[in-house]
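So the chains spell out like this:
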Amino acid sequence: QGLSAMPKRVHPAAQAAQAARKRPARGPREPSSLGSSGSSCSGPGPGSVLWQPETGRARSSLEPSLGAENPSELLRRLLEPLQPADFLRKGWAQCAVALPGPPSRLRALLKGFLHDLSLQELLSESPSERIHAWLPPKGGEQSLTSIAVDPDAAVGLHEAGAALYFRAPEELEELLVSGIAAALGTGLAGRFPGDAKPRGEVETFICGRGHKTGWHTDFQHNFTLQLRGSKRWRLKAGPVEHNVRALSPHYSTRSNFEQQMKLHVYSAPSSTDFRPPDDFFEDSEEVTLGAGSVLYHPAGIWHQVECLEDSISINVSLSIASWADLIGDAFRQLLWTAPALRAPVFGLGTGAASDAAVEELLRQARSCVASVAGGDLLPPAARDSSPQPPQNVKVASSRLGEGTRVLPADRFAFSRLCVAVKLPEGHGEDDSSSDEAEGAPGCSPASYALHANFGNEEVASWLRVLIHLGGDRSGAELE
């Protein structure tokens, strides 16, 4: 069936940690019987970090092209036999979800996008500039030593026992990351400001029997697809809900230690361990993934992974923007409307930056952001979760908003975060190919770029739409 479960005993230290987080302590649990049919979808048990729904087995082929054609169907097939509504209500951002499936469900993925798992072809098509090779430890569970090499060296290192980590083909990455994000309803939060690239990637993991990745957390939400072989996953609840950065004690280097720990301690002041002691993990939950299985594991969850046999898997990692990202950029843009807040900081050693002066600046800052509304932050276009939402609108032929009913009593207001910039003639001709079926070729006589929410270091817009008007009359009316 692709999945198996093993009960674990409860360690006293872990019980105390759970109680401190106001989670009920767990006793030993019976092994799950996965793949049975007709069971109710009751959700994870109290205090559990792993959910193994007893709802049958996946039968539908996972077709990556659905990411562009029908994102909701892509997510349904990925989560099958679990219904997406149950997943979003009981699993998403709450616990790991393990789903069985036959290897045959991944045939279209392997043949159409992953070269039937040919290592040389996967490496040649990877967009990774360098391939990460994890060298095998000399004995026992040790921190990973990672080196970046070219594809030829990666093949040799893998033959010598190293595990490999690199990005999957870009076409697959665009389909899966964009499609899953769209099905989850992320809207503009599923893409980066400015270039609108998907916020996430698809990583390929190739490792031999016995390879072990030590305890760590991620800051992304992950969907792991086991393509070949099997892996044992151990999982334990993390200390930070919706963590901003990972904790990676499994690496031998500590280049990100301070960045990770300052955010960790700031988010959870009572938890100061970069890596908890071993006895903390003794009551972890365990699941084995076989070929065809899917594991969702949310950001912030501790996990350790061991290859039980030679293994290949891909991981779809989503780095969806947080509300802090979206609101923070909006607030900075609003602060730029005040000349005093745009002024450079100087004279900190003199009276120019007295407490009273700073308090006045804070008063102005609060005034700038006080009247922003939800409609400013999320106009309708920002909520569009299409894999490729329209970025070009030709007014003469557009049917966008045709179903909107406008009543005589309705009033309209300009968004405080939107700016329309009239473009010079000929500007943006490369952008003039509309996502809609009809429209005049080339840049129209009057074109505008509508920008929304660009209060970041790069002044990159979260939303940019080109508006092409059909002639002088339309241009005059907009003027």
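Computed from a prediction, not measured in an experiment: that's the story for all the values here.

1. Regarding the sheet that holds strand 14 (residues 311-318)
Part 1 of the argument: Reading across the sheet, the nine strands line up as 2-3-12-9-14-7-6-4-5 and stay open at both edges, with mixed pairing between neighbours. If you trace the sheet from one side to the other, it starts and ends with strand 2 (50-51) and strand 5 (145-149), each paired once.
Part 2 of the argument: Across two bridges, strand 2 lies against strand 3 (residues 96-99) in parallel orientation. For tryptophan 51, the partnering residue across the bridge sits in strand 3 and is valine 97.
Part 3 of the argument: Those strands touched by helix 3 (residues 71-79) are strand 3, strand 9 (221-228) and strand 12 (294-297), and its axis lies near 60° from that of strand 9.
Part 4 of the argument: Strands in contact with helix 7 (residues 151-159) are strand 4 (131-135), strand 5, strand 6 (163-167) and strand 7 (200-207); relative to strand 5, the strand with the most contacts, it is inclined by about 140°.

2. Thoughts on the packing of helix 3 against helix 8 (residues 170-183)
Part 1 of the argument: Contact pair helix 3 / helix 8: the axes reach a minimum separation of 8 Å and the direction vectors enclose 95°. In terms of axis orientation, helix 3 runs roughly perpendicular to helix 8. Contacts from Pro71, Ser72, Leu74, Leu75 and Leu78 of helix 3 reach helix 8 at Leu175, Leu176, Gly179, Ile180, Ala182 and Ala183.
Part 2 of the argument: Among the residues making up the contact of helix 3 with helix 8, the classes are represented as nine nonpolar, two polar and no charged.

3. A few points about the packing of aromatic side chains
Part 1 of the argument: A complete count under the given rule lists 12 aromatic pairs for this structure.
Part 2 of the argument: Where tryptophan 92 meets tyrosine 296, the ring centres are 5.6 Å apart and the plane angle is 25°; that geometry is what we call stacked. Of this pair, tryptophan 92 sits in the loop between helix 4 (84-90) and strand 3 while tyrosine 296 is found in strand 12, placing the two residues 204 residues apart along the sequence.
Part 3 of the argument: Judged by relative accessible area, which is 1%, tyrosine 296 ranks as buried.
Part 4 of the argument: Taken together, the aromatic side chains of Phe87, Trp92, Phe223 and Tyr296 make up a single cluster linked through ring pairs.
Part 5 of the argument: Note that lysine 236 overlies the ring of phenylalanine 280, its terminal NZ or CZ placed 4.1 Å from the centroid.
Part 6 of the argument: The ring of phenylalanine 219 carries arginine 245 above its face, with NZ or CZ at 5.1 Å from the centroid.

4. Some words on the environment of phenylalanine 257
Part 1 of the argument: As for its placement among the helices and strands, phenylalanine 257 is situated in helix 9 (residues 257-267).
Part 2 of the argument: Classification of phenylalanine 257 as partly exposed rests on a relative accessible area of 33%.

Calculation rules
Residues numbered from 1 in each chain as written. Predicted model: local features only at pLDDT ≥ 70, side-chain atom pairs only at ≥ 80, totals over all residues. Heavy atoms only, no water. Pairing = 2+ DSSP bridges. Helix = DSSP H or I, 4+ residues; strand = E, 2+ residues; numbered from the N terminus. Contact = heavy atoms within 4.5 Å. Axes fitted to C-alpha atoms, helices over the stretch in contact; angles between N-to-C directions. Parallel < 35°, antiparallel > 145°, perpendicular 65-115°, else oblique. Nonpolar A, V, L, I, M, F, W, Y, C, P; charged D, E, K, R; others polar. Phe/Tyr/Trp six-rings, centres within 6.5 Å; stacked < 30°, edge-to-face > 60°. Buried < 20%, exposed > 50% of the residue type's maximum accessible area, 1.4 Å probe, protein only. Lys NZ or Arg CZ within 6 Å of the ring centre and 35° of its normal.

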